[in-house]
Amino acid sequence: MGHPPLEFSDCYLDSPDFRERLKCYEQELERTNKFIKDVIKDGNALIGAMRNYSSAVQKFSQTLQSFQFDFIGDTLTDDEINIAESFKEFAELLNEVENERMMMVHNASDLLIKPLENFRKEQIGFTKERKKKFEKDGERFYSLLDRHLHLSSKKKESQLQEADLQVDKERHNFFESSLDYVYQIQEVQESKKFNIVEPVLAFLHSLFISNSLTVELTQDFLPYKQQLQLSLQNTRNHFSSTREEMEELKKRMKEAPQTCKLPGQPTIEGYLYTQEKWALGISWVKYYCQYEKETKTLTMMPMEQKPGAKQQGPLDLTLKYCVRRKTESIDKRFCFDIETNERPGTITLQALSEANRRLWMEAMDGKEPIYHSPITKQEEMELNEVGFKFVRKCINVIESKGIKTEGLYRTVGSNIQVQKLLNAFFDPKCPGDVDFNNSDWDIKTVTSSLKFYLRNLSEPVMTYRLHKELVSAAKSDNLDYRLGAIHSLVYKLPEKNREMLEILIRHLVNVCEHSKENLMTPSNMGVIFGPTLMRAQEDTVAAMMNIKFQNIVVEILIEHFVKIYSGPPEESTAPPVPPPRVTARRHKPITISKRLLRERTVFYTSSLDESEGDSDSFSKVRPPGEKPTIIRPPVRPPDPPCRAATPQKPEPKPDIVAGNAGEIPSSVVASRTRFFETASRKTGSSQGRLPGDES
């Protein structure tokens, strides 16, 4: 179900495996595009065909039922599970609602059609344009490269230099196009999780509350809707956090693509041309080669196999030595010779450029190797006494003056002021000699400085050594194991790291206790401090896909602070062993369609029975399967929560609520940004009552 992440480093190599993975993404994108078109078409049919309303709803629910999300990575968060199952839940609920003969609301087009159409045209359409540019630039580059490699070294030096410059330019253009396309297609795959579900969720909400017979059903739907909105909000926050990291990685890849080697990959890999001698002459055959320096193994995969010929598999050779080929000895450029144990004689290989030949020579320990490392070690901050003093001072100022500030830690301070504060505090001549009560240091500057210090430690607070174990614990679908494993791993941290973590988490708990004023919940703080307190040692897309699980670790530390820091677990030597999995996933997502149906009291028209002489309506409990003959007028959906706290008005009675049917429902899509930012706020009166007009 999941697709492996597309690494930016693969854009430079452009390997066959990379192309295959990219093809899977393209097929999924096309499937999503087709699905969106189906949803839009079915939604329009639902709006326009009132007489065929029941059949349109059924078709729409079937479309939702048939679609399943594909995700990047190997594990889903609980929120992503809820999102993945949401369409099935919607479909089940629609089947139930269809029996109640609901009416279409006036703003259905704004809720459903326009957002999906915008996503399809702007996001998917833009991705397809990126694909066209990628394919065009790739075709132009490889065509030019083939012609370039056939140039004779006897041509004028000026002509050769001009040809080299042209190839380098096209290579750079193709590499940038590949990076942009890989970044865009992964962004669309990730963002579709909420950009597709949100309009459908808003549309369903409006659909359910437009018919008075579904008021009680809507009451059942609201807790699920709220939980799904929280899942969407959390997923959106994780997406934003991951996107920032991926943009940074993409930028670093543009600056130095050859230095970003992933762990576990061959020492060097790429395309090489091999000189093949035949009875009628010499030809050059293209191979994709991988070389492992430790084992001296060279794997060669033929790329230009003749039609009808027997397909050749990868060829593994053991390198004996590598020698740089003299320019005058062959009418080709960028050549070098190798000798292997498996094949007699010398094998002549041609690299793609002079720089590429140097890299192969260096990896194979050939003659005249050139060693260089463009990576320079920058001065980094340390977790020492000055650092502890800085953190404590920041926390004291924040908790005494700004703990109720709206958007605390989310609002970024001035970079100039942040650098000024850090330089002053960490001045080697007088470290820590800074007055935080100075008017120059506002709350935004202090919070940004604290995050900057933690983010730039030479090693993160929760250490590289425990990173994989912490992420693995967060991925568990067993909530008890998840908490127990993180509890155990916290006490495996070095003493100063554990002390620093306790100071910070205690502070974040205090911040979350004022969430009604500052709007910062444990989930929000996890998004901010997940990448700050935890980070992988390697910069890869795969590692960044785990940022959402880093956020979950911090969220668990905040929610269970008292338990975790009351003392080490009984068996601190190892985390608890998770129970064996019977199925692929034991976690049960939130659900509404599987709930127990409540008995609803509605009105019916009694049969005309002259013997009883009573033709008036009476109230009774509707048996299962029996449809009503009289329906109440629709009501307006509740407004989404807003930032400004509104006083709670007395709860209207059903008869009074029904009188507001003529009012136009507010657009959920138009206000969804504000809505999802505050969806996690607890509204005590949002459940267990009839939704009505609060104005």
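Overview of the structure. Nothing here was measured: the structure is a model prediction, and the numbers come from that model. (Residues numbered from 1 in each chain as written. Predicted model: local features only at pLDDT ≥ 70, side-chain atom pairs only at ≥ 80, totals over all residues. Heavy atoms only, no water.)

### Some details on the packing of aromatic side chains
Here's step 1: Using the criterion set out here, one finds 20 aromatic pairs in the structure.
Here's step 2: Seen from their ring centres, Phe141 and Phe174 are 5.7 Å apart, and the 15° between their planes marks the pair as stacked. You can see Phe141 sitting in helix H5 (residues 108–149) and its partner Phe174 sitting in helix H6 (residues 157–195), a full 33 residues away along the chain. For the pair shown, Phe141 and Phe174 are each scored as buried.
Here's step 3: Chaining the aromatic ring pairs together yields one cluster made of Phe134, Phe141, Tyr142, Phe174, Tyr181, Tyr271 and Tyr288.
Here's step 4: Taking NZ or CZ as reference, Lys286 lies 4.7 Å from the ring centre of Tyr271, over its face. (Phe/Tyr/Trp six-rings, centres within 6.5 Å; stacked < 30°, edge-to-face > 60°. Helix = DSSP H or I, 4+ residues; strand = E, 2+ residues; numbered from the N terminus. Buried < 20%, exposed > 50% of the residue type's maximum accessible area, 1.4 Å probe, protein only. Lys NZ or Arg CZ within 6 Å of the ring centre and 35° of its normal.)

### Quick word on the pattern of salt bridges
Here's step 1: Inspection of the entire model under this criterion finds 28 salt bridges.
Here's step 2: Between Asp14 and Arg19 there is a salt bridge, with the nearest N and O atoms lying 2.7 Å from each other.
Here's step 3: For Asp14, a relative accessible area of 3% corresponds to the buried category.
Here's step 4: Across the salt bridge formed by Lys293 and Asp365, the nearest N and O atoms sit 3.4 Å from each other. Here Lys293 is found in the loop between strand S2 (281–292) and strand S3 (297–302), whereas its partner Asp365 is found in the loop between helix H9 (354–363) and helix H10 (385–402), with 72 residues between them in sequence. (Salt bridge = Lys/Arg side-chain N within 4 Å of Asp/Glu carboxyl O.)

### Quick notes on the nonpolar core
Here's step 1: Formed by 101 residues in total, the largest nonpolar core has its most connected members in Phe87, Phe90 and Phe336.
Here's step 2: Take this core: its biggest share by element is 13 residues, from H5.
Here's step 3: Apart from the residues lying within four places of it in its own chain, the contact partners of Phe87 are Phe35, Leu64, Phe67, Phe69, Ile196, Val197 and Val200.
Here's step 4: Ranked by size, the runner-up nonpolar core spans 64 residues in total, among them Leu383, Phe388, Ile395 and Ala474. (Core = buried A, V, L, I, M, F, W, Y, C linked by side-chain atoms within 4.5 Å. Contact = heavy atoms within 4.5 Å.)

### Quick notes on the environment of Asn234
Here's step 1: Summarising the element assignment, Asn234 is placed in helix H8 (residues 215–255).
Here's step 2: Considered as a pair, Asn234 and Asp79 are 155 residues apart in the sequence and their alpha carbons are 7.1 Å apart.
Here's step 3: Polar contacts involving the side chain of Asn234 include one to the side chain of Ser523, which spans 2.4 Å. (Polar contact = N/O pair within 3.5 Å; in protein donor to acceptor, adjacent residues only side chain to side chain.)

### Some thoughts on the pairing of strand S1 (residues 268–278)
Here's step 1: Counted residue by residue, S1 has nine buried out of eleven residues, so it is predominantly covered.
Here's step 2: As paired elements, S1 and strand S6 (residues 346–350) share two bridges and run antiparallel to each other. What sits directly across from Thr274, in S6, is Leu349. (Pairing = 2+ DSSP bridges.)

### A short note on the sheet that holds S3
Here's step 1: One closed barrel accounts for six strands, arranged S1-S2-S3-S4-S5-S6; its pairing is antiparallel. Within this sheet the neighbouring strands show an average axis-to-axis angle of 50°, counted without direction.
Here's step 2: Contacting S1, S2, S3, strand S4 (315–324) and strand S5 (335–340), H9 runs over the sheet at an angle of about 95° to S1. (Axes fitted to C-alpha atoms, helices over the stretch in contact; angles between N-to-C directions.)

### Points about the environment of Ile81
Here's step 1: In this structure, Ile81 sits in helix H4 (residues 78–98).
Here's step 2: Here Ile81 falls in the buried class, since its relative accessible area comes to 7%.

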